[in-house]
Amino acid sequence: SAVISQKPSRDICQRGTSLTIQCQVDSQVTMMFWYRQQPGQSLTLIATANQGSEATYESGFVIDKFPISRPNLTFSTLTVSNMSPEDSSIYLCSVALRETQYFGPGTRLLVL
Amino acid sequence: QKEVEQDPGPLSVPEGAIVSLNCTYSNSAFQYFMWYRQYSRKGPELLMYTYSSGNKEDGRFTAQVDKSSKYISLFIRDSQPSDSATYLCAMSRVGGQNFVFGPGTRLSVLP
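Bear in mind the structure is a predicted one, so any value in this text is a computation, not a measurement. (Residues numbered from 1 in each chain as written. Chains lettered and ligands numbered in written order. Predicted model: local features only at pLDDT ≥ 70, side-chain atom pairs only at ≥ 80, totals over all residues. Heavy atoms only, no water.)

J.: Even after reading the chapter, I still don't get the overall build of chain A, so can you show me in this structure?
T.: Helix and strand content of chain A: zero helices and 11 strands. Listing every helix and strand of chain A by position from the N terminus yields β-β-β-β-β-β-β-β-β-β-β. The C-alpha radius of gyration computed for chain A amounts to 13 Å, which stays within 12% of the reference 13 Å derived for 112 residues, consistent with globular compactness. With respect to the principal axes defined by its C-alpha atoms, chain A has extents near 40 × 25 × 20 Å. The buried share among the 112 residues of chain A stands at 53%. Put simply, 53% of the contacts in chain A that link residues at least 6 apart link residues at least 24 apart. Of the accessible surface of chain A, which amounts to about 5400 Å², a share of 49% is contributed by carbon and sulfur atoms. (Helix = DSSP H or I, 4+ residues; strand = E, 2+ residues; numbered from the N terminus. Rg over C-alpha atoms; globule rule 2.2 N^0.38 Å. Buried < 20%, exposed > 50% of the residue type's maximum accessible area, 1.4 Å probe, protein only. Contact = heavy atoms within 4.5 Å. Areas by Shrake-Rupley, 256 points an atom, 1.4 Å probe, with all protein chains shown as cover.)

J.: So what exactly am I meant to see when it comes to the interface of chain A and chain B here?
T.: Quoted interface sizes are often the accessible area lost when the parts come together. Every contact between the two is made by 17 residues of chain A and, on the other side, 19 residues of chain B. A combined buried area of about 1400 Å² lies between chain A and chain B, and 59% of that area is made up of carbon and sulfur atoms. At the surface where chain A touches chain B, the tally comes to zero salt bridges. Linking chain A with chain B are seven residue pairs in polar contact (both at pLDDT 80 or more), by the criterion used here. Elements with a minimum of two residues in the side of chain A that touches chain B: strand E4 (31-37), strand E9 (89-97) and strand E10 (100-103) of chain A. (Buried area = accessible area lost by both parts, 1.4 Å probe. Salt bridge = Lys/Arg side-chain N within 4 Å of Asp/Glu carboxyl O. Polar contact = N/O pair within 3.5 Å; in protein donor to acceptor, adjacent residues only side chain to side chain.)

J.: Which parts of the structure should I look at to understand the state of the cysteines?
T.: A covalent bond between the sulfur atoms of two cysteines is what we call a disulfide. All names here are of chain A. Following the criterion strictly, the structure yields two disulfides over all chains and no others. Looking at the unpaired Cys13, the closest cysteine sulfur is the one in Cys93, lying at 17 Å. With relative accessibility at 8%, the residue Cys13 sits in the buried group. (Disulfide = S-S within 2.5 Å.)

J.: How should a nonpolar patch on the surface be read in this particular structure?
T.: A grouping of Ile12, Leu110 and Leu112 of chain A is seen on the molecular surface, where their side chains present a nonpolar patch of about 280 Å² in accessible area. Its location among the elements puts Ile12 of chain A in strand E2 (residues 10-13). (Patch = residues over 30% accessible without salt bridge, like charges linked within 9 Å, V, L, I, M, F, W, Y side chains within 5 Å.)

J.: I'm lost on the sheet that holds strand E3 (residues 19-25) of chain B in this one. Help?
T.: In any sheet, the strands associate via hydrogen bonds between backbone groups, in a parallel or an antiparallel arrangement. Residues and elements named next belong to chain B. Sheet architecture is open: five strands sit in the order E1-E3-E8-E7-E6, paired in antiparallel fashion. Of all the strands in the sheet, the pair left with one neighbour each is strand E1 (4-6) and strand E6 (54-58). Taking each pair of neighbouring strands and ignoring which way they run, the sheet shows an average axis angle of 15°. Here E1 pairs with E3 via three bridges, running antiparallel. Residue Gln6 lies in a different strand from E3, and its bridge partner there is Cys23. (Pairing = 2+ DSSP bridges. Axes fitted to C-alpha atoms, helices over the stretch in contact; angles between N-to-C directions.)

J.: Hey, could you run me through the pairing of E10 of chain A in this one?
T.: Both faces of the sheet carry side chains from a regular strand, because those side chains alternate between them. Residues and elements named next belong to chain A. Residue alternation in E10 divides its side chains into two sets, Thr100 and Tyr102 and Gln101 and Phe103, and both sets are buried. Alignment of E9 against E10, held across four bridges, turns out to be antiparallel. Opposite Ala96, over in E10, you have Gln101 as the bridge partner. Linkage of E9 to E10, two consecutive antiparallel strands, is achieved through a turn of two residues, within which Arg98 is found at a positive phi near 55°.

Coordinates in, geometry out; function isn't part of it.
Take a look at the structure:
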């Protein structure tokens, strides 16, 4: 298994600002993922982040709004840029280990 | 047709009941099947992981996969209030590619 930590665990931000979420894994992994989860909803994949290459974004998500860094095999960041209240959500990072995924505890974001 | 379908619930059962949670899928390329438990305001936690068809048991939990019917189930025996959570099914192809998650079923076990 993998142990994943995220920072911050929660934040309240003002409209128009940006927030960077950090994800740290206790082992080296190739594939990391960033998800968004609206209250009471299922997981929506934002992008896949592989070390040494550009992140691959899902339909409806763009790099200008959600830039991702993946500097090494144990760390990634997701930035939510120019935030609006519609960005209020839980943001989760996960890693692929063998044929399954392990999730971090999530970052709860509220945009006012 | 959605790739993975799951009854969203909510499902309410009395303590001690046997719970059956189910997912159907459409893509026969899926080989690995998972169940996650997600408590409110927490990240999903991997509960069970199976490969191909068959049953897997872990304590009060049994995961069942029927690839011929494209149907997977999670059974919870002697359900407890602490089992109250949202349960998501998930599946992936060989090599761990193309993970797909179900929408989740919200379960409440009433004392």
